[in-house]
Amino acid sequence: MTSIESEKLPVLLSIRGEQYFDDIEPDATELMTDGTLELTGDGLVLTYRETELTGMEGTTTAFQVQGHRVILTRTGKVNSRMVFEEGRQHTSLYETPFGELTVDIRTSTLRHNLTERGGLMEIRYSIAVEHTVTGRNCFKIRVRRKH
């Protein structure tokens, strides 16, 4: 393991989240925030703290990128885990103040060109809560190294 693989590199993240519902204009959230990029043996991890803007202040979000699979983990005020793999569905539990819900994630698009220098990642997926489709979502994340 080289020293850069365990180093958390400072990055600037530009995150656009879009939610699409039938016959309604997309609901979009944009967040510019500081984060870290850490190289791992099988990919990389992007980590940042959520803010008031996202409604999840007090939560840390991590995107673990492993080739054609991305695992999003949130810990803190909001706790959840979502697995994105193009053409596949993954089911996980989502912790809410009212109890746990099952969430099915079906990923239609997962692309990225992320390296230790930064890059772009796009994830398009549909989400079903308790097996009822609630909408389509998209993450577009631009990562820039800070020097």
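Going by the structure above, here's the rest.
What comes next is a walk through the structure. Sequence positions are assigned chain by chain, starting from 1 and proceeding in written order. In view of the model being predicted, local features appear only for residues whose pLDDT reaches at least 70, and side-chain atom pairs are presented and counted only at 80 or more, with totals across whole chains, interfaces and linings using the full set of residues. For side-chain calculations, the full set of non-hydrogen atoms in the structure is used, while hydrogens and water are omitted.

Before going further, it helps to examine the overall build of the protein. Each helix and strand counted, the protein has one helix and 10 strands in total. Secondary structure of the protein in N-to-C order comes out as α-β-β-β-β-β-β-β-β-β-β. Taken over the C-alpha trace, the protein has a radius of gyration of 15 Å; the compact-globule value for 147 residues is 15 Å, and the two agree within 12%. With the principal axes as the frame, the protein shows a C-alpha extent of 45 × 30 × 30 Å. A burial count over the protein gives 38% of its 147 residues as buried. Long-range contacts, defined here as pairs at least 24 residues apart, represent 36% of the contacts in the protein between residues at least 6 apart. What counts as a helix is a DSSP run of H or I of at least four residues, what counts as a strand is a run of E of at least two, and both are numbered from the N terminus. It is over C-alpha atoms that the radius of gyration is taken, and the globule rule equals 2.2 Å times the number of residues to the power 0.38. With a 1.4 Å probe rolled over the protein chains alone, any residue whose accessible area is under 20% of its type maximum counts as buried; one over 50% counts as exposed, and the rest are partly exposed. We call two residues contacting when some pair of their heavy atoms lies within 4.5 Å.

With that out of the way, let us pick up the packing of aromatic side chains. A pair of Phe, Tyr and Trp rings is counted when the ring centres sit within 6.5 Å of each other, with Trp represented by its six-membered ring. The angle between the planes then sorts it: under 30 degrees is stacked, over 60 is edge-to-face, the rest tilted. The tally for this structure, following the rule as stated, stands at four aromatic pairs. Here F63 and F139 contribute two aromatic rings whose centre-to-centre distance is 5.4 Å and whose plane-to-plane angle is 85 degrees, an arrangement assigned as edge-to-face. Taken as a pair, F63 in strand 4 (residues 59-66) and F139 in strand 10 (residues 132-145) lie far apart in primary sequence, 76 residues in all. By relative accessible area, F63 is classed as buried at 1%. The class of F139 is buried, set by a relative accessible area of 10%. Pairwise contacts between aromatic rings join F63, F84, Y125 and F139 into one cluster.

Turning to unusual backbone geometry, a few remarks are in order. For residues besides glycine, phi is generally negative; the peptide bonds are generally trans as well. Although it is not a glycine, E130 adopts a positive phi angle of roughly 50 degrees. For H131, which is not glycine, the phi dihedral falls at a positive 70 degrees. When you line up the elements, H131 lands in the loop between strand 9 (118-129) and strand 10. A relative accessible area of 57% places H131 in the exposed class.

The next point concerns the layout of surface pockets. For the largest pocket, the calculated volume is near 630 Å³. Looking at the lining of the largest pocket, the elements that each hand over two or more residues are strand 1 (8-21), strand 2 (24-40), strand 8 (99-112), strand 9 and strand 10. In this classification, Asp, Glu, Lys and Arg are treated as charged, Ala, Val, Leu, Ile, Met, Phe, Trp, Tyr, Cys and Pro as nonpolar, and every other residue, Gly included, as polar. Residues belonging to the lining of the largest pocket are distributed by class as follows: 15 nonpolar, six polar and five charged. Lining residues are those with an atom within 4 Å of a point, where the points come from a 1 Å grid over the protein atoms alone and group into cavities, where a 1.4 Å probe fits but cannot get out, or pockets, open sets with protein on both sides within 12 Å along at least five of seven lines. Grid points are joined across faces, edges and corners, and a volume is the space filled by probe spheres set on the points.

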